[in-house]
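# Summary of structural features
So you can see what is in the structure, the chains are spelled out below.
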Amino acid sequence: TTTTGGQHQLLRVCHKWNILLDVAKAAATSPVNIPNMCSPDYAVASFYKMFGYPTGLGILIMKKEIKRVRRIMDDTSEEESMMINSSEPPSIQEENHSPRRRHYFGGGSVDVVLPHKDFVITRNSQQLVDDDNGEHVNLGVMVHGTEHFRGILQLTHGFKELTSLGGMKAICSHATCLAEELVCRLKELVHDNGSSVVQIYGQWGDIGGKNTSGKGVVLPGPTVTFNIQDRDGSIIGYDEVSRLSSLNNPPIQLRTGCFCNPGACQEALALSESDVLEQYQSGHVCGDRRGVVNGKPTGAIRASFGKDSVWEDMNALVSFIQKIFVSQGGALSLLSGRSDNARNENAAVIDSLFVFPIKSCAAMKVNRWPIHCQTGRFLFDREFALVDSSGSAMRLHSYPQMSQIHSSIDLDTNILIVSAPHRNDLVLSLDVSEGDETITPEDVQVCGVLCKGTIWGGRKASSWFSSILGVRCWLARHHVDEKKTVKSGNKRNDGLAYSNEASLLLVSQSSISILNSVITSQGWGKQVVARHFRPNIVVSSSSGAQEDDTDCEGKVISNPEDFWQKICIKGENKKELELIAVGKCARCQMVDVDPDSGMKGKTLRALAEYRRERGKILFGTFFTANTNESSEVFWIEEGAEVRASS
């Protein structure tokens, strides 16, 4: 099967049903004897899976009993005969629309067609002879358009290549040997507590030991499906594994999910129907990147081998899993425990302040800035977003050029100034009255969450941003729907504007120093700065001493902000603002983008070495306002004292 590689005995169903068997996966790596496969009426295969080229071209094999073919076209053939013998084309009312008739066609598949009547005669040049009674049956009704003649010409070379490799039996032996070696090596991987690293599904999971093929054991097909487990037995989401494998050297591209076979996937993962429905109700849908929901996997990882696979491919996958996911004795995850350094660093000062007026664009560094006491969001932070033609907010990891778009806000004149290399500045008013009130607020999708927004700056702003990014886009400003927020209890807090999860993000210089030590030790190039992580507040030790990134035993320590439950920031006139921690920030490939050059590095790969927890790579802590705060604004400035409570 395409999901687990299992080979199953197929039984002939002796009913009125015709059987169509998809042998594309089996035909790609092994000899196929169709009569022995439940003797289907039809079978289909893919030349692309067999040769790697051409795409969009396959083969339909059918039994010679023509009666089965005629069932598809009886009504159409009879009707065409009526059309041919009639001097006038039938009217739409007179025509008998058969449910089996195909009401569409492509170029090269018809003899005549009338544009103003429902009248068409299919191509009669291709005929098949029924050996039983010598009748000629028109196959033109099965043609959808011009044949892929260039691809057909390449098939000869594809078959020659298969022959040069020793034929399908040799390919099957080669691919199965690699799959067996992968299974044996994956089963040998264990954590420091003795628990298995990999859970293998299907028939491969029931096979153990090396050289089983020489012991009379019939091996499954060369497709191995598995999930990776943490040392406590919990599943690590396939989304995390896929993301990290793409950052590996060499990069590894994995097929993940349910492989377009939800039934086999559900059976392999032992998911009940209620489990599947519960995952859907929590927001998971086919094709998304949520590998684990409520502690249960939503899909798996698949490794398939074929004629072009080599031993180095298999070895690279095993080495990647062993290096990244196997817990070794004595290793310390930064998320697993709290160090003395983290415990003592509850007193800090604000080192830097950043505001991001336009989501995913460059930061605006400020010395002093107002924050909304009730929302905990900096004034104008993530209030704007660039929206593409699908209504989705554009992200930095997809458009690295956004790092070169700088914004500045003049609070006195209420003006937004946007600049970029080799462009004249774009100047926009922030006055609400300047917006086009005739435009109805529309949905803007931010990381899968719908927010309201209005177009800001009109065509002038759209043309300016589109010329830089090379795609048509618009500037949207967050719109607060007060009625919806109050009456419907909308789950998303409008005070977030276009922020992802919370109104304010904090990181410490100590955490950045730890990460840079990992980057240096692994030789992964340029060190990072705070702006890689797009924080609003960067804090440093109030003592001014150099943060030590190792403890007395030489193990890397935890980030201090991981354990902060709330912080109090001192302001003017002895006022204080209290902010509440709401969780750690899950990181994506956006942190790889250098904020100065827009070039991509290996920041996420370095974080994956020690910042993984439950399928996420965490760095930085989100904060929001204490709901008891007033509706006033509070001015935060660099050098202000921060007291953290754990």
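Each remark here, short or long, concerns the structure printed above.
First, a word on scope: everything that follows refers to the structure included in this document. Keep in mind that this is a model prediction, so the values were computed, not measured.

## Let's talk about the nonpolar core
In terms of nonpolar packing, the biggest core is built from 55 residues, with Leu-182, Leu-186, Phe-226, Ile-228, Phe-320, Ile-321 and Phe-325 touching the most fellow members. Per-element accounting of this core gives the leading share, seven residues, to helix 9 (residues 311–325). With near-sequence residues (within four places) excluded, Leu-182 lies in contact with Val-224, Ala-303, Phe-305, Met-314, Leu-317 and Val-318. Core analysis: the next-biggest nonpolar cluster, separate from the first, contains 53 residues, Ile-405, Leu-426, Leu-504 and Ala-581 among them.

## Let's talk about the packing of aromatic side chains
Evaluation of the coordinates by the stated rule reveals seven aromatic pairs. Ring centres of Phe-47 and Phe-51 lie 5.8 Å apart, and the angle between their planes is 5°; this geometry places the pair in the stacked category. Here Phe-51 and Phe-47 lie together in helix 2 (residues 47–51), a separation of four residues that amounts to about one turn. What makes Phe-51 buried here is its relative accessible area of 9%. Ring geometry for Phe-533 versus Phe-619: centroids 4.4 Å apart, planes at 35°, classification tilted. Residue Phe-533 is found in the loop between helix 13 (509–522) and strand 26 (537–541), and its partner Phe-619 is found in strand 30 (residues 616–625); the two are separated by 86 residues along the sequence. Like Phe-533, the residue Phe-619 is buried in the burial classification.

## Concerning the pairing of strand 24 (residues 474–478)
Strand 24 sits mainly inside the fold: four of its five residues count as buried. Here strand 18 (residues 384–387) runs beside strand 24; their pairing, made up of four bridges, is antiparallel. Within strand 24, the residue paired with Val-387 across the bridge is Trp-474.

## A short note on the sheet that holds strand 2 (residues 42–46)
The pairing of strands in a sheet happens through backbone hydrogen bonds and is either parallel or antiparallel. A sheet is described by the order of its strands in space; here three strands give the open sequence 1-2-3, paired in mixed fashion. Lying at the two open borders of the sheet, with one neighbouring strand each, are strand 1 (20–22) and strand 3 (58–62). When the angles between neighbouring strand axes are averaged without regard to direction, this sheet yields 20°. Of the pairings in the sheet, the one linking strand 1 to strand 2 comprises three bridges and is parallel in character. In the strand pairing of strand 2, Leu-21 is matched with Ala-43.

## Some words on the state of the cysteines
Taken as a whole and assessed by the stated rule, the structure comprises one disulfide. A disulfide bridge connects Cys-258 with Cys-265, and the sulfur atoms are separated by 2.2 Å. Because the sign of the S-S torsion sets the handedness, a value of about -50° for the bond joining Cys-258 and Cys-265 places this disulfide among the left-handed ones. Lacking any disulfide linkage, Cys-286 is separated from the closest cysteine sulfur, that of Cys-258, by 6.5 Å. Judged by its relative accessible area of 77%, Cys-286 falls in the exposed class.

## Observations concerning helix 11 (residues 458–469)
The end-to-end C-alpha distance of helix 11, which contains 12 residues, comes to 17 Å, matching closely the 16 Å that a straight helix rising 1.5 Å per residue would cover. Taken as a whole, helix 11 has its buried residues at Ala-461, Ser-462, Trp-464, Phe-465, Ser-466, Ile-468 and Leu-469. Residues of helix 11 that are buried sit in contact with strand 18, strand 20 (415–419), strand 21 (426–429) and strand 24.

## A short note on the environment of Ser-646
Note that Ser-646 resides in the segment after strand 32 (641–645). Residue classification places Ser-646 among the partly exposed positions, given a relative accessible area of 47%. Residues Ser-646 and Glu-561 lie 85 residues apart in sequence; the distance between their C-alpha atoms is 9.1 Å. Looking at Ser-646, its side chain comes within polar contact range of the main-chain oxygen of Phe-563, at 3.3 Å.

## Observations regarding the pairing of strand 31 (residues 633–637)
Residue alternation in strand 31 divides its side chains into a buried set, Phe-634 and Ile-636, and an unburied set, Val-633, Trp-635 and Glu-637. Sheet topology note: the strand 17 (residues 368–372)/strand 31 ladder contains five bridges and is antiparallel. Within strand 31, the position partnered with His-372 by the bridge is Val-633.

Conventions adopted
Residues numbered from 1 in each chain as written. Predicted model: local features only at pLDDT ≥ 70, side-chain atom pairs only at ≥ 80, totals over all residues. Heavy atoms only, no water. Core = buried A, V, L, I, M, F, W, Y, C linked by side-chain atoms within 4.5 Å. Buried < 20%, exposed > 50% of the residue type's maximum accessible area, 1.4 Å probe, protein only. Helix = DSSP H or I, 4+ residues; strand = E, 2+ residues; numbered from the N terminus. Contact = heavy atoms within 4.5 Å. Phe/Tyr/Trp six-rings, centres within 6.5 Å; stacked < 30°, edge-to-face > 60°. Pairing = 2+ DSSP bridges. Axes fitted to C-alpha atoms, helices over the stretch in contact; angles between N-to-C directions. Disulfide = S-S within 2.5 Å. Expected span 1.5 Å × (residues − 1). Polar contact = N/O pair within 3.5 Å; in protein donor to acceptor, adjacent residues only side chain to side chain.

Take it as geometry only, folks, not as evidence of what the structure does.
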